[in-house]
Amino acid sequence: MKIGSIGSNMGCKQVSPYFKGDSRPFIVNVHKEEDVKKELDRDNFRTDALQILRRGEAPITKLEGTYPPDVMVTGTIYYADNYEPVGDYAFGTHSYVVADEKFMRNLTIERVLNNKKDSPTVIQGQRHCLWFDTRYNKQKLNGMGIPTEPIDKADDKLLEKEGEEALHSSIKEAKENAQTDEEKAIARYREVREMRRIVERTHKEVIQEMKDLNFDYYDHNPRPLVSVPNFEP
């Protein structure tokens, strides 16, 4: 269930914390000017027992016209859905991220190659995370003036000619040898794009297997709240 706003320690009305897969603004009272840049306490946010709070890369700013003892700061927070991994997009575009610790930045090529053992709910979370991570890293390259189409074509050609292992070795080597910010960004884009390709393949295989068995996993399990856009990142 999604809610309309994030509660803060301002004394405003609190609503259920059990919404997931959502981005929200927040306003928190830090009381003193010197605390504006400090880490915010978990007590400022509604989380459940399994979730942890981690700082993201987006800024936290002081609200104009607020003064001690009511110095207000604002930012954005991302709450992950149950079993949803969080990665580059969530951390890169939010001030804070709330998720189960074991799903924070846990996706690697090795991990998703073994995701046939995961439930459809977990695979859907992987799909959501990697769609947005791919778009986020593509936008980062575009901001550097680096077109992604030649990178895509080169990886697709390598995959077709030499296979999956060769592509994965090439990506690993690129990550290990990257020196400049541009080289690191290209290697990371290649990695998340390849992870997304693998996860999408697994998703199709699992859906087909369920159809063949006339089995609907979601008859007995809640559907994930997160949805994956039906167009390319």
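Residues numbered from 1 in each chain as written. Predicted model: local features only at pLDDT ≥ 70, side-chain atom pairs only at ≥ 80, totals over all residues. Heavy atoms only, no water.

K.L.:
Any chance you could explain the overall build of the protein chain here in plain terms?
P.N.:
Each helix and strand in the protein chain was counted, giving 6 helices and 5 strands. Mapped in sequence order, the helices and strands of the protein chain form the string β-β-β-β-α-β-α-α-α-α-α. Taking the principal axes of the C-alpha coordinates as reference, the protein chain spans close to 65 × 50 × 25 Å. In the protein chain, once contacts between residues fewer than 6 apart in sequence are set aside, the share between residues at least 24 apart is 65%. Of the roughly 13,100 Å² that the protein chain leaves accessible, carbon and sulfur atoms contribute 50%. (Helix = DSSP H or I, 4+ residues; strand = E, 2+ residues; numbered from the N terminus. Contact = heavy atoms within 4.5 Å. Areas by Shrake-Rupley, 256 points an atom, 1.4 Å probe, with all protein chains shown as cover.)

K.L.:
Where do I start with the confidence of the model for the protein chain in this structure?
P.N.:
In low-pLDDT segments, the atomic positions of the prediction should not be examined closely. Chain-level statistics for the protein chain give a pLDDT mean of 89 and a share of 91% at 70 or above. Of the regions scoring below 50 in pLDDT, residues 1–18 engages in 40 contacts with residues more than four places distant in sequence or in other chains. (pLDDT = per-residue confidence, 0-100.)

K.L.:
Explain helix α5 (residues 164–177) to me, please; I cannot follow it from the model alone.
P.N.:
Every α-helix winds through 3.6 residues per turn, so residues three or four apart in the chain are directed the same way. The end-to-end C-alpha separation of α5 is 20 Å, in line with the 20 Å expected for 14 residues at 1.5 Å each. All of the buried residues along α5 are Leu167, His168 and Ile171. One side of α5 carries all its buried residues, which in axial view fall inside an arc of 95°. For α5, the exposed residues lying more than 90 degrees away from the buried face are Glu165, Lys172 and Glu176. Turning to α5, the residues buried within the fold contact α2 (109–113), α4 (149–162) and α6 (181–212). (Expected span 1.5 Å × (residues − 1). Buried < 20%, exposed > 50% of the residue type's maximum accessible area, 1.4 Å probe, protein only. Arc of directions from axis to C-beta.)

K.L.:
Help me understand the side chain of threonine 134, please; the structure alone is not making it clear to me.
P.N.:
By the element assignment, threonine 134 lies in helix α3 (residues 120–143). In this structure threonine 134 comes out as buried when scored by relative accessible area, which is 4%. Ignoring any residue separated from it by four or fewer positions in sequence, one finds threonine 134 in contact with Tyr189, Val192, Arg193, Arg196 and Pro233.

K.L.:
What's the story with the packing of aromatic side chains in this structure? I'm lost.
P.N.:
Any two aromatic rings considered together are summarised by their centre-to-centre distance and by the angle between their planes. Within this structure, the stated rule accounts for 9 aromatic pairs. Pairing phenylalanine 26 with phenylalanine 45 gives two aromatic rings, centres 5.1 Å apart and planes at 85°, and the pair type is edge-to-face. Taken together, the residues phenylalanine 26 in strand β1 (residues 22–29) and phenylalanine 45 in the loop between β1 and β2 (51–55) connect sequence positions 19 residues apart. Phenylalanine 45 matches phenylalanine 26 in its accessibility class, with the two residues each being buried. With 5.0 Å between their ring centres and 35° between their planes, tyrosine 89 and phenylalanine 132 make a pair best called tilted. Placement of tyrosine 89 in helix α1 (residues 88–93) and of phenylalanine 132 in helix α3 is noted, with a sequence separation of 43 residues between them. On the accessibility criterion, tyrosine 89 (19% relative accessible area) is buried. (Phe/Tyr/Trp six-rings, centres within 6.5 Å; stacked < 30°, edge-to-face > 60°.)

K.L.:
What should I look at first to understand the packing of α5 against α6 in this one?
P.N.:
Two measures define how a pair of helices packs: the angle their axes make with one another and the distance between the axes. Contact pair α5 / α6: the axes reach a minimum separation of 8 Å and the direction vectors enclose 150°. Taken together, the axes of α5 and α6 lie roughly antiparallel to each other. The element α5 and its partner α6 pack so that their crossing is left-handed. Two secondary-structure elements touch here, α5 through Glu164, Leu167, His168, Ser170, Ile171, Ala174, Lys175 and Asn177 and α6 through Glu183, Ala187, Arg190, Glu191, Glu194, Arg197, Ile198 and Arg201. (Axes fitted to C-alpha atoms, helices over the stretch in contact; angles between N-to-C directions. Parallel < 35°, antiparallel > 145°, perpendicular 65-115°, else oblique. Left-handed = near helix turned anticlockwise from the far one by under 90°.)

K.L.:
When you look at the side chain of aspartate 133 in this model, what are you seeing that I'm missing?
P.N.:
Inspection of the secondary structure assignment puts aspartate 133 in helix α3. Buried and unpaired, aspartate 133 has arginine 188 as its nearest opposite-charge partner, separated by 4.6 Å. Polar contacts involving the side chain of aspartate 133 include one to the main-chain amide nitrogen of aspartate 88, which spans 3.2 Å. Excluding its chain neighbours within four sequence positions, the residues that come into contact with aspartate 133 are Gly87, Asp88, Tyr89 and Val192. (Lys, Arg positive; Asp, Glu negative; His and termini not counted. Salt bridge = Lys/Arg side-chain N within 4 Å of Asp/Glu carboxyl O. Polar contact = N/O pair within 3.5 Å; in protein donor to acceptor, adjacent residues only side chain to side chain.)

K.L.:
How do you make sense of the nonpolar core when you look at a structure like this?
P.N.:
A general tendency of soluble globular proteins is for nonpolar side chains to be buried together. Counting 17 residues, the largest nonpolar core has Leu107, Ile109, Val112, Leu130, Met195 and Val199 as the members making the most contacts within it. Mapped onto this core, the elements with two or more residues apiece are α2, α3, α5 and α6. Of all the elements, α6 adds the most residues to this core, at 6 residues. Excluding its chain neighbours within four sequence positions, the residues that come into contact with valine 112 are Leu107, Met195, Ile198 and Val199. In this structure, Val30, Phe45, Tyr79 and Val98 belong to the second largest nonpolar core, which totals 14 residues. (Core = buried A, V, L, I, M, F, W, Y, C linked by side-chain atoms within 4.5 Å.)

K.L.:
Would you explain the pattern of salt bridges in this entry?
P.N.:
Side-chain pairing between opposite charges can occur once the charged atoms of the two side chains come close. Within the structure shown, the criterion is met by 22 salt bridges. Residue arginine 24 is joined to aspartate 22 by a salt bridge in which the shortest nitrogen-to-oxygen separation is 2.8 Å. Across the pair arginine 197 and glutamate 164 runs a salt bridge whose closest N-O atoms are separated by 2.6 Å. In this pair, arginine 197 is assigned in helix α6 and glutamate 164 in helix α5, connecting sequence segments 33 residues apart. Take arginine 197: its relative accessible area is 27%, and that puts it in the partly exposed class. Taken together, the shared-partner salt bridges in this structure form one network comprising Asp88, Arg105, Lys175, Arg188 and Glu191.

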